[in-house]
Amino acid sequence: MLTFSPTDRIFILTGAGVSAESGIPTFRGVGGLWRNYRIEDVASPEAWHRDPQLVWEFYSMRRRVASEAKSNPAHFALAKLEDALQDRLFLCTQNVANLHEQAGSRNVVHMHGDLFKSRCDTCSRPPFDDMNLYEPPAEIPQCECGGRIRPHICWFGEVPFELDRIYRALDECTIFMAVGTSGVIQPAASFVAQVADHARTIYVGPQKPANASSFTECYMGKAGEVLPDLFSSF
Ligand code: OAD
């Protein structure tokens, strides 16, 4: 069980592992999405340029899977922690589904975007809610400006969202916890090294991440089993 002081500020970074127990596949490892798809075919600006239909097939499949998924005890434990800590908790996720929100989390920073939003690839029309599936024979949806509607996702080679807010919160945190992330994708993988001089650093997951040596504490286990225990005092 973890205890925090009243002045602690907690930064939590979640990855695909936090939703594994909800039935959403992770990216790497057994059954991971990148075992069946090549990143360069479905998750890059070049892929979009080359074959937008294939890109939409991939994100439509993910929309379908995510829309059927339910939050698990890890998401609920984090929502309860936010109730207790309010703005002393900064929840940053690399995940694009909405299972944190479904569990009751109110302030979630989606650094890799939002699976249920789309935007125009040409004009500055703001991203909008979109649950549609664009699978063949559906056409690629078009914006009024003539541009094509793309998923509101940070692809490889693009800059993640909200980095200014994220770096401010990293500077201010006294405890940094990463949950269910393999520690290989930048910039998220280097957050832990950035806080090492001023924060306690904790990892939660069944396997050691690639950046395990940067953490001072590791709790090995499934997020849905470990987090409710770690936060049981809140
Ligand atoms: P990965 O698939 O790379 O890693 C998932 C991690 O979750 C692994 O370290 C697993 O050990 C762990 N894990 C599996 N089951 C778990 C469980 N029940 N509880 C806790 N942990 C568990 O996913 P991410 O690190 O999130 O980016 O991937 C980072 C980014 O790479 C993603 O956001 C995505 C991907 O390519 C983009 O698409 C831009």
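Residues numbered from 1 in each chain as written. Predicted model: local features only at pLDDT ≥ 70, side-chain atom pairs only at ≥ 80, totals over all residues. Heavy atoms only, no water.

**Details of the overall build of the chain**
Secondary structure assignment for the chain yields nine helices and nine strands. The C-alpha atoms of the chain give a radius of gyration of 18 Å, which matches the 17 Å a tight globule of 234 residues would have. Each of the three principal axes of the chain carries a C-alpha extent, and together these read 55 × 35 × 30 Å. Counting across all 234 residues of the chain, residues that qualify as buried make up 51%. For the chain, the proportion of contacts with a sequence separation of at least 24, taken over those separated by at least 6, is 67%. As displayed, the chain has an accessible area near 11200 Å², and 51% of this comes from carbon and sulfur atoms. Averaged over its 22 positive side-chain charges, the chain has a centre that lies 2 Å from the centre of its 28 negative ones. (Helix = DSSP H or I, 4+ residues; strand = E, 2+ residues; numbered from the N terminus. Rg over C-alpha atoms; globule rule 2.2 N^0.38 Å. Buried < 20%, exposed > 50% of the residue type's maximum accessible area, 1.4 Å probe, protein only. Contact = heavy atoms within 4.5 Å. Areas by Shrake-Rupley, 256 points an atom, 1.4 Å probe, with all protein chains shown as cover. Lys, Arg positive; Asp, Glu negative; His and termini not counted. Charge placed at Lys NZ, Arg CZ, Asp CG, Glu CD.)

**Some words on the domain arrangement of the chain**
What the domain assignment reports for the chain is domain 1 (1-23 + 70-112 + 160-234) and domain 2 (25-68 + 117-153). Taken over C-alpha atoms, the centre of domain 1 sits 26 Å from the centre of domain 2. Together, the buried faces of domain 1 and domain 2 total about 820 Å²; carbon and sulfur atoms form 64% of this surface. Among the residues domain 1 hides against domain 2, the three largest losses belong to Ala-16, Val-96 and Phe-161. Together they make up 40% of the total. There are zero salt bridges connecting domain 1 and domain 2. Looking at the side of domain 1 that touches domain 2, its residues break down into seven nonpolar, four polar and one charged. (Domains from an automatic or database assignment. Buried area = accessible area lost by both parts, 1.4 Å probe. Salt bridge = Lys/Arg side-chain N within 4 Å of Asp/Glu carboxyl O. Nonpolar A, V, L, I, M, F, W, Y, C, P; charged D, E, K, R; others polar.)

**Concerning the side chain of Ser-105**
Assignment of secondary structure puts Ser-105 in the loop between α6 (99-103) and β3 (108-110). The residues touching Ser-105, leaving out its near neighbours within four places in the chain, are Leu-78, Ala-79, Glu-82, Leu-91 and His-100.

**Structural notes on the sheet that holds strand β9 (residues 217-220)**
Ordered by their spatial adjacency, six strands build an open sheet running β3-β2-β1-β7-β8-β9, and the pairing between neighbours is parallel. If you trace the sheet from one side to the other, it starts and ends with β3 and β9, each paired once. Mean inter-strand twist for the sheet, computed between neighbouring axes without regard to direction, equals 20 degrees. Of the strand pairs in this sheet, strand β1 (residues 10-14) and strand β7 (residues 175-179) are connected by five bridges, and their pairing is parallel. In the strand pairing of β7, Ile-10 is matched with Ile-175. Contacts from helix α5 (residues 73-85) reach β1 and β2 (89-93), with the element oriented near 150 degrees to β2. Strands β1, β2, β3 and β7 of the sheet are contacted by helix α7 (residues 163-172), whose axis makes an angle of about 135 degrees with β2. (Pairing = 2+ DSSP bridges. Axes fitted to C-alpha atoms, helices over the stretch in contact; angles between N-to-C directions.)

**Overview of the site of the ligand**
Around the ligand, the structure places 23 residues, and the nearest of them are Phe-27, Arg-28, Thr-181, Ser-182 and Gln-207. In the model, an oxygen atom of the ligand is placed 2.9 Å from a nitrogen or oxygen of the Trp-34 side chain. Here an oxygen atom of the ligand sits 3.3 Å away from a polar atom, N or O, in the main chain of Gln-94. If the ligand stood free it would expose 800 Å²; the protein chains cover 92% of that surface. By residue class, the composition of the shell around the ligand is ten nonpolar, ten polar and three charged. Built from parts of two domains, the shell around the ligand gets at least three residues from each of domain 1 (1-23 + 70-112 + 160-234) and domain 2 (25-68 + 117-153). (Near = heavy atom within 4 Å. Polar contact = N/O pair within 3.5 Å; in protein donor to acceptor, adjacent residues only side chain to side chain.)

**Let's talk about the side chain of Ser-60**
Mapped onto the elements of the fold, Ser-60 is located in helix α4 (residues 52-68). Only 2.8 Å separates the side chain of Ser-60 from the backbone nitrogen of Tyr-134, close enough to count as a polar contact. Look past the residues within four positions of Ser-60 in its chain and what remains in contact with it is Leu-133, Tyr-134 and Glu-135.

**Quick word on the pairing of strand β8 (residues 200-205)**
Judged by how many residues are buried, β8 sits mostly within the fold: five of six residues are covered. Relative to β8, β7 runs parallel, the two being bridged by five bridges. Bridge assignment links Phe-176 to a residue of β8, and that residue is Thr-201. Where β8 lies against β9, four bridges are found, and the strand directions are parallel.

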